[in-house]
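# An overview of the molecular structure
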Amino acid sequence: MHGGGDDMRIVIAPDVRAVDAAMTEQQSLVERAFAEPGAAALFIWRAEQALLVTRQDARLPAFERAARVLEAEGWPVLVRTSGGGAFPVHPGTVQFAAAARLPAAGRSIDAIYDALGAPLIEALASFGVAAGLGEVAGAFCRGRHDIVAGGRKLGGLAQHWRSTNDGAARIFAGASVLAEEAAQNLTDVVNRFYTLAGGDFRCAAGTVTSLRRELGAAAPTGDLAAALLQRAATVFRSHIPLAA
Amino acid sequence: MADVRIPDDLWDTSKTPEGIVANWFYRDGSEVPANETIAEIMVEKTNYEIAAPAAGTLRITVPKDGVVRPGTVIGRIEG
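Here goes a summary of the coordinates provided. (Residues numbered from 1 in each chain as written. Chains lettered and ligands numbered in written order. Predicted model: local features only at pLDDT ≥ 70, side-chain atom pairs only at ≥ 80, totals over all residues. Heavy atoms only, no water.)

For the rest of this paragraph, the subject is the overall build of chain B. A count of helical and extended segments in chain B gives zero helices and eight strands. Mapped in sequence order, the helices and strands of chain B form the string β-β-β-β-β-β-β-β. Taken against the 2.2 N^0.38 rule, which gives 12 Å for 79 residues, the C-alpha radius of gyration of chain B at 12 Å falls within 12% of a compact globule. Oriented by its inertia axes, the alpha-carbon framework of chain B measures out at about 35 × 20 × 20 Å. By the burial criterion, 52% of the 79 residues in chain B qualify as buried. Look at the contacts in chain B between residues 6 or more apart in sequence, and 55% of them connect residues 24 or more apart. Of the roughly 3,500 Å² of accessible surface on chain B, a fraction of 46% belongs to carbon and sulfur atoms. Here chain B contributes 8 positively and 13 negatively charged side chains, and the mean placements of these two sets differ by 4 Å. (Helix = DSSP H or I, 4+ residues; strand = E, 2+ residues; numbered from the N terminus. Rg over C-alpha atoms; globule rule 2.2 N^0.38 Å. Buried < 20%, exposed > 50% of the residue type's maximum accessible area, 1.4 Å probe, protein only. Contact = heavy atoms within 4.5 Å. Areas by Shrake-Rupley, 256 points an atom, 1.4 Å probe, with all protein chains shown as cover. Lys, Arg positive; Asp, Glu negative; His and termini not counted. Charge placed at Lys NZ, Arg CZ, Asp CG, Glu CD.)

Here's what the structure looks like:
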């Protein structure tokens, strides 16, 4: 997902911010990357708790009502452009957003998943967690390229492409990695959204983990999401990663 | 006439056999401008937006929720 070595713009937002502000900044960086052929951008950020849903989720019959109820309960609902399903974020998750405008011929979504996933797996390995890309039955926002550790979902990846008539594709790839445990059960939040919105999907308990849980007694004290953010940024810088 | 076609290499069908047409943003028979996003494919947590390859009248051949694979022609633009 990257055309060279020096034109990759990496922006890190280590402080927890409002999710709408973070997504606005993300979109600005994405659009800038799309405007320059061969350029690429990576934005790494954290936000207050929110539920990020897809455009398909937003077409559920009672979406507006579900969004109102969840916002009143402290879970603002925002619509993202990438695929999958509802994914809850909170200060203990780290979000990665990569974007580039690239020649479309021969490029595949599988390669893009591998390009974004490999540095994240490496960053997790640096903490001592053996993770890989795979699928966890019953997990929220489930896919074949989720980040899996110990049979549970530790993170998710998703994409948004737009073809153009000049042979290029505008490619966005996003990931969220669960570093810290949330104050609230995340599967309950996702199931409440789909129940309220009139969707059929329900996720299963016990399908999600976190970096802290995987580390167990070996987990360091302090802000593990901040540590993951910095560790991942170092890996991305050394890799010049998104070369698909 | 121009085909509205899913790229041949977009995904590995040995891993993900098929996707679906998640949405059409124009109705069959609508006039569409060139390069306007006219349809959205969903495959493996990826939203893939397809631009109109030319200006003209849209003819939909695979409806919303229809199953697609790389190389599938989902519609055409008649000039």
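Below, the discussion takes up unusual backbone geometry. Note on backbone geometry: most residues besides glycine have negative phi, and most peptide bonds are trans. Residues and elements named next belong to chain B. The backbone of Asn35 sits at a positive phi, close to 70°, despite the residue not being glycine. Here Asn35 is to be found in the loop between strand E3 (31-32) and strand E4 (37-43). For Asn35, a relative accessible area of 32% corresponds to the partly exposed category. Even without being glycine, Lys45 reaches a positive phi, approximately 55°. Position of Lys45 relative to the elements: it lies in the loop between E4 and strand E5 (46-51). According to the relative accessible area criterion, Lys45 is buried, its value standing at 5%.

What the four strands build is an open sheet, ordered E1-E8-E6-E3 (chain B); its pairing is antiparallel. The sheet terminates laterally at strand E1 (2-5) and E3 of chain B, the two strands that pair on one side only. (Pairing = 2+ DSSP bridges.)

Moving on, we get to the interface of chain A and chain B. Contacts between the two partners involve 30 residues from chain A and, on the opposite side, 26 residues from chain B. Taking both sides of the interface into account, the surface hidden between chain A and chain B amounts to around 2,100 Å²; carbon and sulfur atoms contribute 41%. Between chain A and chain B we count six salt bridges in total. Along the contact surface separating chain A from chain B lie 30 residue pairs in polar contact (both at pLDDT 80 or more). Elements with a contribution of two residues or more to the side of chain A that touches chain B: helix H3 (109-125) and strand E9 (152-163) of chain A. A total of nine residues in the side of chain A that touches chain B trace back to one element, the largest contributor, which is E9(A). Looking at the side of chain A that touches chain B residue by residue, the class counts come to six nonpolar, 15 polar and nine charged. (Buried area = accessible area lost by both parts, 1.4 Å probe. Salt bridge = Lys/Arg side-chain N within 4 Å of Asp/Glu carboxyl O. Polar contact = N/O pair within 3.5 Å; in protein donor to acceptor, adjacent residues only side chain to side chain. Nonpolar A, V, L, I, M, F, W, Y, C, P; charged D, E, K, R; others polar.)

A separate point is the environment of B:Glu78. Turning to its location among the elements, B:Glu78 is positioned in strand E8 (residues 73-78). At 3.1 Å, the side chain of B:Glu78 and the side chain of B:Arg59 are in polar contact.

The strands making up a sheet associate through backbone hydrogen bonding, with each pair oriented either parallel or antiparallel. Residue and element names in this part refer to chain A. Judged by pairing direction, the sheet is mixed, and its three strands sit side by side in the order E4-E3-E5 without closing on themselves. In this open sheet, the two edge strands, each paired with only one partner strand, are strand E4 (77-79) and strand E5 (87-89). Here the strands of the sheet are splayed against their neighbours by 30° on average, with no regard to which way each runs. When strand E3 (residues 50-53) meets E5, the two strands line up antiparallel, connected through three bridges. (Axes fitted to C-alpha atoms, helices over the stretch in contact; angles between N-to-C directions.)

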